[in-house]
Number of protein chains: 2
Amino acid sequence: MARIVMKFGGTSMAGIERIRNVAARVKREVDAGNQVAVVVSAMAGETDRLVGFCREASSLYDAKEYDVVVSAGEQITSGLLAIALQAAGCKARSWLGWQLPINTSDAHGSARIGEIDTAALDASLADGVVAVIPGFQGVADGQRVTTLGRGGSDTSAVAMAAAMKADRCDIYTDVDGVYTTDPRIVPRARKLSKVTYEEMLELASVGAKVLQTRSVGLAMKENVRVRVLSSFEDGDTNDGHRGTLIVGEEEIDDMERQLITGIAHDKNEAKITLTQVSDRPGSVAAIFAPLADAGINVDMIVQNVAHSTGSTDVTFTVPAADLARSLDVLDKAKDAIGYATIVHDTRVAKVSVVGVGMRSHAGVASTMFTTLGERGINIQAIATSEIKVSVLIEEDYTELAVRVLHTAYGLDAEDAA
Amino acid sequence: MARIVMKFGGTSMAGIERIRNVAARVKREVDAGNQVAVVVSAMAGETDRLVGFCREASSLYDAKEYDVVVSAGEQITSGLLAIALQAAGCKARSWLGWQLPINTSDAHGSARIGEIDTAALDASLADGVVAVIPGFQGVADGQRVTTLGRGGSDTSAVAMAAAMKADRCDIYTDVDGVYTTDPRIVPRARKLSKVTYEEMLELASVGAKVLQTRSVGLAMKENVRVRVLSSFEDGDTNDGHRGTLIVGEEEIDDMERQLITGIAHDKNEAKITLTQVSDRPGSVAAIFAPLADAGINVDMIVQNVAHSTGSTDVTFTVPAADLARSLDVLDKAKDAIGYATIVHDTRVAKVSVVGVGMRSHAGVASTMFTTLGERGINIQAIATSEIKVSVLIEEDYTELAVRVLHTAYGLDAEDAA
């Protein structure tokens, strides 16, 4: 007997027919003798509908009331899945965020999960009752409904798995696992059978949108074995070849280890260059402090060699969605910073190679620069971490860059065409 | 300063534009210095959508989970109205059933309201915060979400008014009050400015569907002053001429009192006749006991004069929706009852004259029978109470009967065309 958490996204919950399929899938795990908690998203499109209502009611809506409204989507699907499970012959009940309770901070709209009380849940699971838990929601101080922010259901599932000491947290989604890169760009991309938390974090944060980044960070912290797999694919879920397992580095043995695990890309960045910034102590701080105060996440930073005039150009990237606000902040801080002009460009993309293997191998970055250079792809900025090298390039070259890097690092599947 | 409860139905909450109108109406009461609690229904059509999901998921759905699903409709509108009120400049917050809490029985799907804890609410109202309360929902034992049954939001509003010791409970609906009869049938019908609880109960239960019957019974028990008025009509809500006030008999003075308050009709009845029932002690009980056991509400009963053969015909009415089930019950009990045949007819209507004034006046029934007889309308059954006389007639004559009775009892408005 194992304890498992299964999480189903909005596409899997879109309509009663699909909810019935989810129930059948859950029943298979119950019939195999497992204790099961299921975490569900709202029906696809429902959260957007509810968020739209809030925005229409007021552009400055109260986050407490927003949470009351949008949490209803998962409340509905959790009740419906409990009904469908019972119809399939499984004992089941829903547990709303306030009922378990799933305690969270009171940061409404983007609350953080705290302690989850599993006393009542444990007793219910021991009785063979499947627990159906709405993702994305919790309760602050036992009083008000909270939500975790968009995509929060993955985090709910991992947090439940940690609290329940589950053997496994299976995230059912519309892809069948994590790939070496986007298969729409590289048909010879391979599905990874295992990936480390750190790699997944880098792959997720640079654009491989399979799992919410926060949920991966939590899984790493709590050491939860997460598996990503398709809800539209049949087969034995205990087959090690299904989906992708996300685990600690120690669980990946040397034979399985690759130098590079995957190539990610992200077109949602914008590049900003401030020209002729005076080359004196504190001038760089004067740029980034007001952006940080505005909650804008600055990513890649390049400071060019100083001009002979004693000034320098500073280039950095921000999320494209924050570009207008960033320009506004920088315009207001112009006197404090001291620069000549602002140049910005949204036609850029970040391409990253990720792999824990690069810790012990030199030459990864050099291979990247050579490979891109041979194709005439100009590198506008570079950022590195222990397990990642990212470059900023012109957006039009994104797919070309991903393809040539995928081949250069030996990631192409052998059996594909 | 007064304390008032305002209740808005699904038509008034259908979409953000209408919710904004509701907010404006609530704000007027707040600006007049009142403490206000607002009870809301789900958006028109939403409860049907959610009930449909439950039925699709399983024909035998778990009422506990049904309550989780369908209560979401009012949760959504209560959050949205709180947002709209804040946007209009009113302090406001939503209170879900489990938050106040509104304690109910654990009869899921048709729970009865018990004690409502108003300690936190009172403090919030005293701070000038408008309380927005989802109708139709409560909580059993502080654990599971309950709902009150369809139309339960009227009952929620009256129960809140009683618990809060509100001065008034204003039920906003899509009609502007209670009329002497259905104005679509009798254009000269008059709006009543006051009606007693008892009269309203009789009018509601015989088909004047302005207020849920349970809510009127509760208002009578708790002595809550209820006013029915239109949410689509502007004007001073403290104008005594707006809407219809539902109050105790002692609040209606002699000058206002009419012999007959209104004429109601109901086409949702079915007539059943059992022929040649043996005329012996216990035979009538053998008919009605199994129907009662099946939860079928028998209304008008007529036992014809015994045949010379020692048998009699028994005629009664049941809700048309329960006809098939009633026939099934009676068929199974045929041996125990002992009858020859069952005859049924859904092409019947019940027409009732209602008024507390008839307590002290004879001749009301006689006027009814004479009036209908003059028009050749055959009476198939008669039932009377202290303040009501009902007759069962052929359905095709319904409108004619209502019109001639309205004139006969002097209810026609003088100024109408």
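1. Notes on the overall build of chain A
In terms of helices and strands, chain A carries 13 helices and 20 strands. Here the C-alpha atoms of chain A give a radius of gyration of 24 Å, agreeing with the 22 Å that 2.2 N^0.38 yields for 417 residues. The C-alpha extent of chain A, read off along each of the three principal axes, is 75 × 55 × 35 Å. Residues classed as buried in chain A amount to 55% of the 417 residues present. Between the mean site of the 41 positive side-chain charges and the mean site of the 56 negative ones, chain A shows a separation of 3 Å.

2. Some remarks on the environment of Glu249 of chain A
Residues and elements named next belong to chain A. Mapped onto the elements, Glu249 comes out in the loop between β12 (244-247) and β13 (262-266). Judged by its relative accessible area of 22%, Glu249 falls in the partly exposed class. On a C-alpha basis, the gap between Glu249 and Glu374 in space is 34 Å, while along the polypeptide they are 125 residues apart. If near-sequence neighbours (up to four positions away) are discounted, Glu249 is found in contact with Thr196, Glu198, Arg257, Val356 and Arg359.

3. Details of the confidence of the model for chain A
On average, residues of chain A score 91 in pLDDT, and 95% of them are at 70 or above. Interface predicted TM-score (ipTM) for the complex: 0.83; the corresponding pTM is 0.84.

4. A word on helix α2 (residues 46-57) of chain B
Along its 12 residues, α2 of chain B runs 17 Å from first to last C-alpha, staying within 8% of the 16 Å computed at 1.5 Å per residue. Regarding α2 of chain B, the residues found buried are Glu46, Thr47, Leu50, Val51, Phe53, Cys54 and Ala57 of chain B. Here the buried residues of α2 of chain B occupy an arc of 150° about the axis, which is enough to place them on one side. Looking at the buried residues of α2 of chain B, the elements they touch are α1 (16-31), α2 (46-57) and α4 (72-87) of chain A together with α3 (63-70) and α4 (72-87) of chain B.

5. Brief notes about the interface of chain A and chain B
Of the residues lining the interface, 39 residues belong to chain A; the matching set on chain B comes to 39 residues. At the surface where chain A touches chain B, the tally comes to two salt bridges. Where Glu46 of chain B meets Arg49 of chain A, a salt bridge forms, and the shortest distance between an N and an O atom there is 3.4 Å. At the boundary of chain A and chain B, one finds 16 residue pairs in polar contact (both at pLDDT 80 or more). For the side of chain A that touches chain B, the elements supplying multiple residues, two or more each, are α1, α2, α3 (63-70), α4, β3 (92-94) and β8 (144-147) of chain A.

6. Side note on the pairing of β12 of chain A
Residues and elements named next belong to chain A. Residues Thr244 and Ile246 point to one face of β12 and Leu245 and Val247 to the other, with burial holding for every one of them. Note that strand β10 (residues 194-196) and β12 share three bridges and pair parallel. Along β12, the bridge assignment pairs Lys194 with Leu245. In terms of strand pairing, strand β11 (residues 226-230) meets β12 through three bridges, oriented antiparallel.

7. Things to note about the packing of aromatic side chains
All names here are of chain A. This structure, assessed with the given rule, holds seven aromatic pairs over all chains. Taking the centre distance of 5.0 Å and the plane angle of 10° together, the rings of Tyr61 and Tyr66 count as stacked. Aromatic pair Phe288 and Phe316: ring centres 5.0 Å apart, planes at 75°, arrangement edge-to-face. Placement of Phe288 in helix α9 (residues 283-293) and of Phe316 in strand β16 (residues 311-319) is noted, with a sequence separation of 28 residues between them. Each member of the pair, Phe288 as well as Phe316, carries the same accessibility label: buried. Note that Arg93 overlies the ring of Trp95, its terminal NZ or CZ placed 3.7 Å from the centroid.

8. Here's the deal with empty space enclosed by the protein
To find the voids left in a structure, one rolls a probe of water-molecule size over its atoms. A complete count under the given rule lists three cavities of 30 Å³ or more for this structure. What the largest cavity holds in volume is close to 100 Å³. Along its surface, the largest cavity is lined by 13 residues, and Gln75 and Trp98 of chain A together with Gln75, Leu96 and Trp98 of chain B are the ones closest to its centre. Counted by class, the lining of the largest cavity contains six nonpolar, seven polar and no charged residues. Each pocket or cavity is described by its volume, and for the second largest cavity that value is around 40 Å³. What lines the second largest cavity is simply Arg49 and Phe53 of chain A together with Met43, Glu46, Gly73, Ile76 and Thr77 of chain B. Secondary structure elements with two or more residues in the lining of the second largest cavity: α2 of chain A together with α4 of chain B. The dominant element in the lining of the second largest cavity, judged by the number of residues it contributes, is α4 of chain B, at three residues. For the lining of the second largest cavity, the class distribution of residues is three nonpolar, two polar and two charged.

9. Things to note about the sheet that holds β11 of chain A
Residue and element names in this part refer to chain A. Across the sheet, eight strands lie side by side as β3-β6-β2-β1-β9-β11-β12-β10; this open sheet has mixed pairing. Strand pairing shows two members of the sheet lacking a second neighbour, β3 and β10, which therefore form its edges. For this sheet, the mean angle separating the axes of adjacent strands, direction not counted, is 20°. As judged from the three bridges shared by β3 and strand β6 (residues 130-134), these two strands associate in the parallel manner. Bridging across to β6, Ser94 finds its partner in Val132. Across the sheet, α4 touches β2 (35-40), β3 and β6, and the angle it forms with β6 is around 160°.

10. Focus: the pattern of salt bridges
All names here are of chain A. A full pass over the atoms with the stated rule returns 42 salt bridges over all chains. One salt bridge connects Lys27 with Asp31, and the closest N-O pair in it is separated by 2.9 Å. With Lys27 and Asp31 both in helix α1 and four residues apart, this pair spans about one turn of that helix. On the basis of relative accessibility, which here comes to 24%, the residue Lys27 falls in the partly exposed class. Since its relative accessible area comes to 55%, Asp31 is described here as exposed. Put simply, Arg168 and Glu29 hold a salt bridge, and the shortest N to O gap is 3.6 Å. Within this pair, whereas Arg168 is found in strand β9 (residues 168-173), its partner Glu29 is found in helix α1, the two being separated by 139 residues in sequence. The pair formed by Arg168 and Glu29 is uniform in burial state, with each residue classed as buried. Beyond isolated ion pairs, a larger network of salt bridges with shared partners links Glu29, Arg168, Asp170 and Arg227.

Calculation criteria
Residues numbered from 1 in each chain as written. Chains lettered and ligands numbered in written order. Predicted model: local features only at pLDDT ≥ 70, side-chain atom pairs only at ≥ 80, totals over all residues. Heavy atoms only, no water. Helix = DSSP H or I, 4+ residues; strand = E, 2+ residues; numbered from the N terminus. Rg over C-alpha atoms; globule rule 2.2 N^0.38 Å. Buried < 20%, exposed > 50% of the residue type's maximum accessible area, 1.4 Å probe, protein only. Lys, Arg positive; Asp, Glu negative; His and termini not counted. Charge placed at Lys NZ, Arg CZ, Asp CG, Glu CD. Contact = heavy atoms within 4.5 Å. pLDDT = per-residue confidence, 0-100. Expected span 1.5 Å × (residues − 1). Arc of directions from axis to C-beta. Salt bridge = Lys/Arg side-chain N within 4 Å of Asp/Glu carboxyl O. Polar contact = N/O pair within 3.5 Å; in protein donor to acceptor, adjacent residues only side chain to side chain. Pairing = 2+ DSSP bridges. Phe/Tyr/Trp six-rings, centres within 6.5 Å; stacked < 30°, edge-to-face > 60°. Lys NZ or Arg CZ within 6 Å of the ring centre and 35° of its normal. 1 Å grid on protein atoms, 1.4 Å probe; cavity = no way out; pocket = protein on both sides within 12 Å on 5 of 7 lines; lining within 4 Å. Points joined across faces, edges and corners; volume = space filled by probe spheres on them. Nonpolar A, V, L, I, M, F, W, Y, C, P; charged D, E, K, R; others polar. Axes fitted to C-alpha atoms, helices over the stretch in contact; angles between N-to-C directions.

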